[in-house]
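# Topology and contacts: notes
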Amino acid sequence: MTDTLDPDNWPEFRQTAHAMLDAALDKMQGATEGPVWQAMPDAMKQMLQVPLPVQGAEIGAVQQQLQDLLPYGVGNTHPRFFGWVHGAGTPAGMIADITAAAMNANLGGRDHGAIYVEKQVVAWVREMFGFPADASGLVVSGTSMATIIALKVARDEALGGAARKDGVDGARLVGYASSQAHNCVARAFDLLGLGADALRSVPVSIAYEMDVDTLAEMIAKDRAAGHRPFLIVGTAGSVNVGAFDDLDGLADLAAVQDLWLHIDGAFGAAGVLSETLQPRLKGITRADSLAFDFHKWMHVNYDAGFVLVRDGAAHLAAFSSRPEYLQATERGLAAGNPWPVEYGPELSRGFRALKIWTQIATHGTQTLGTMISKNCAQAQLLADLVTTHPDLTLLAPVASSVVCFRYGDNDAVNGEIVMQLQTSGIAAPSVTTLDGQVAIRVNITNHRTQDSDMALLVDEVARIGVFIKKEFEKC
Ligand SMILES: *Cc1c(COP(=O)(O)O)cnc(C)c1O
């Protein structure tokens, strides 16, 4: 028994740690093999239902349990994971996470090495999106958190900062996003005390892009009714079909109407690195704030999102408060001001910035962008295969990485096809509903996906489709 939590026997601990590293590397190196997803066995689930351990176990035994967990991920490290929008991760990210764990740094603030890595990441993001030098940014868990932070800045700007003390009672602020916007925007309205109904849902065109003319009419109507429009949220890469709103058009309107323009670019914003998608992102440099994820199309291992705010002073004004126990100094550990805690709600923060830094330093923006272009080409390839297939119908235009289609004309058959693809481990698309029709939704934000996976998917959908249709006709 020692009087710390460090190992008694370091050589033995090293051996165990090396074994775990090898197992983790095996998992990554074999990412293209085996089923995309498999249910965790009941016996393993039961092993995770034991009482709170009073006595600890040998690290070797714990390591074995960790290793046993490896096959039961979501499946997004596999080339045929096509569900929702997930990034695929990289081996380089593992090295970053090991380093971060060893440093065990808290990035709420203070003057230490990790903070300078995050500052570098913030500067790189500014450069990526052509934002000015006084724009501010913060690494966060994901776009949901980034959206809350960005909209908090927008809210406080609209209310002159008084809302930080007075609250928003009766402010009648309203904002606008397309009917295809992600639910995280409405959730941010809820959390910020504005109420989800204060987010107006703007209709979309047949390309699923926000109808800017209707938006202008809605703003005028709200003003006439005594509401206070303060925000437009543009979507760069919508979850359902991967559509991009006309960001330049929204920026023009926001300028004329004196509204804050926020862009949800959760996965699509990374498209600035891709020659294919760059044209669709024209106008993104004009946004007042931008929320996006590194863990999606830039494949940083979960989790890593980012919020970028054009007016760094406004960002600081919305979050900064330094109680007596967090006072700034010129020298020593409490220097290095302003601190990240002054740009968001979290004080203790892990070293997510390191895996972002490592990903960009290792692969560079050019290769990361090439992977995005490759996925867009694969989405077009899949769309072509669907269009020329007699039993399949394309349900929406393919703007980026998402392909929505359907086998035959029966909703239940399509839901069951996706279910069987997932449970057999062949592929993992998800399901959505477009214009009341159940769609097989394939999203390709995956650097491991190969062109051959598209043909394989179409063959399997058709094969399973024939089988299920027969089964359904029997009943
Ligand atoms: C994934 C996604 C979000 C939410 O991002 P998280 O990182 O999961 O919080 C928001 N908007 C869009 C368009 C997304 O694809």
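Residues numbered from 1 in each chain as written. Predicted model: local features only at pLDDT ≥ 70, side-chain atom pairs only at ≥ 80, totals over all residues. Heavy atoms only, no water.

Let's shift gears to the side chain of His-299. Relative to the helices and strands, His-299 resides in the loop between strand S6 (289-293) and strand S7 (305-309). His-299 sits in the buried class, given a relative accessible area of 2%. (Helix = DSSP H or I, 4+ residues; strand = E, 2+ residues; numbered from the N terminus. Buried < 20%, exposed > 50% of the residue type's maximum accessible area, 1.4 Å probe, protein only.)

With that settled, consider the pairing of strand S2 (residues 173-178). Burial within S2 is extensive, with six of its six residues counted as buried. Burial of the side chains of S2 extends over both faces: Leu-173, Gly-175 and Ala-177 are buried on one face and Val-174, Tyr-176 and Ser-178 on the other. When S2 meets strand S4 (residues 228-235), the two strands line up parallel, connected through five bridges. Across the sheet, Gly-175 pairs through a bridge with Leu-231, a residue of S4. As judged from the four bridges shared by S2 and strand S3 (residues 199-202), these two strands associate in the parallel manner. Following the sheet pairing, Ala-177 is matched in S3 by Ser-201. (Pairing = 2+ DSSP bridges.)

What follows is about the sheet that holds strand S9 (residues 402-407). Overall, antiparallel pairing links the four strands, which are arranged S8-S9-S11-S10 in an open sheet. Both edges of this open sheet fall to strand S8 (392-394) and strand S10 (430-434), since each of them pairs with a single strand only. Strand-to-strand twist of the sheet, defined as the mean angle between neighbouring strand axes without regard to direction, takes the value 40 degrees. As judged from the five bridges shared by S10 and strand S11 (residues 437-443), these two strands associate in the antiparallel manner. Its bridge partner lying in S11, Val-431 is registered against Ile-440. Packing against the sheet, helix H14 (residues 451-474) makes contact with S8, S9 and S11, and its axis sits at approximately 30 degrees to S9. (Axes fitted to C-alpha atoms, helices over the stretch in contact; angles between N-to-C directions. Contact = heavy atoms within 4.5 Å.)

A separate point is the sheet that holds strand S5 (residues 260-264). Within a sheet, each strand pairs with its neighbour through backbone hydrogen bonds, oriented either parallel or antiparallel. Spatial strand order, S1-S7-S6-S5-S4-S2-S3: seven strands in an open sheet with mixed pairing. What marks the edges here is a single partner per strand, and that holds for strand S1 (136-140) and S3. Averaged over all neighbouring strand pairs, the angle between strand axes comes to 20 degrees, with direction disregarded. Here S4 runs beside S5; their pairing, made up of five bridges, is parallel. Bridging across to S5, Val-233 finds its partner in His-262. Strand contacts of helix H6 (residues 143-158): S1, S2, S4, S5, S6 and S7, with the helix running at about 180 degrees to S5, the strand carrying the most contacts.

This part covers the side chain of Arg-155. Here Arg-155 is to be found in helix H6. When near neighbours in sequence (up to four residues on either side) are disregarded, Arg-155 contacts Ala-163, Arg-164, Val-168, Leu-173, Leu-192, Leu-194 and Phe-230.

A word on the packing of aromatic side chains. With the rule as written, the count across this model stands at nine aromatic pairs. Measuring from ring centre to ring centre gives 6.4 Å for Trp-124 and Trp-357, while their planes differ by 15 degrees; the resulting arrangement is stacked. Here the residue Trp-124 occupies a position in helix H5 (residues 113-129), and Trp-357 occupies one in helix H12 (residues 352-388), the gap between them amounting to 233 residues. Looking at Trp-357, the relative accessible area reads 33%, which means it is partly exposed. An angle of 50 degrees between the planes, with centres 6.0 Å apart, marks the rings of Phe-189 and Phe-230 as tilted. In this pair, Phe-189 sits in helix H8 (residues 183-191) while Phe-230 sits in strand S4, placing the two residues 41 residues apart along the sequence. Both residues of the pair, Phe-189 and Phe-230, count as buried. Taken together, Phe-129, Phe-292, Phe-294 and Phe-306 form an aromatic cluster joined through their ring pairs. The residue whose ring lies beneath Lys-152 is Phe-319, and the NZ or CZ to ring-centre distance is 5.2 Å. (Phe/Tyr/Trp six-rings, centres within 6.5 Å; stacked < 30°, edge-to-face > 60°. Lys NZ or Arg CZ within 6 Å of the ring centre and 35° of its normal.)

The subject of this paragraph is a nonpolar patch on the surface. Taken together, Leu-21, Leu-25 and Ile-98 make up a surface patch of nonpolar side chains, about 240 Å² in accessible area. By secondary structure assignment, the location of Ile-98 is in helix H4 (residues 91-103). (Patch = residues over 30% accessible without salt bridge, like charges linked within 9 Å, V, L, I, M, F, W, Y side chains within 5 Å. Areas by Shrake-Rupley, 256 points an atom, 1.4 Å probe, with all protein chains shown as cover. Salt bridge = Lys/Arg side-chain N within 4 Å of Asp/Glu carboxyl O.)

Turning to the domain arrangement of the protein chain, a few remarks are in order. As assigned here, the protein chain comprises domain 1 (10-72) and domain 2 (91-475). Listed by partner, the interface residues are nine residues for domain 1 and eleven residues for domain 2. In this assembly, domain 1 packs against domain 2 so that about 740 Å² is buried in total across both faces, 79% of it on carbon and sulfur atoms. Broken down residue by residue, the surface that domain 1 buries against domain 2 is led by Met-28, Val-36 and Trp-37, which jointly contribute 62%. The tally of links from domain 1 across to domain 2 stands at zero salt bridges. Linking domain 1 with domain 2 are one residue pair in polar contact (both at pLDDT 80 or more). For the side of domain 1 that touches domain 2, the residue count by class is eight nonpolar, one polar and no charged. (Domains from an automatic or database assignment. Buried area = accessible area lost by both parts, 1.4 Å probe. Polar contact = N/O pair within 3.5 Å; in protein donor to acceptor, adjacent residues only side chain to side chain. Nonpolar A, V, L, I, M, F, W, Y, C, P; charged D, E, K, R; others polar.)

As a further point, take the pattern of salt bridges. Opposite charge on two side chains lets them pair, provided their charged atoms get close. With the rule as written, the count across this model stands at 14 salt bridges. A salt bridge links Asp-252 to Arg-286; its shortest N-O distance comes to 2.8 Å. Highlighted residues: Asp-252 in helix H10 (residues 247-257) and Arg-286 in the loop between S5 and S6, separated in sequence by 34 residues. Taking the relative accessible area as the measure of exposure, Arg-286 reaches 35% and is therefore partly exposed. The residue Arg-463 makes a salt bridge to Glu-460 at a minimum N-O spacing of 2.6 Å. Taken together, the residues Arg-463 and Glu-460, both in helix H14 and three residues apart, mark about one turn of the helix.

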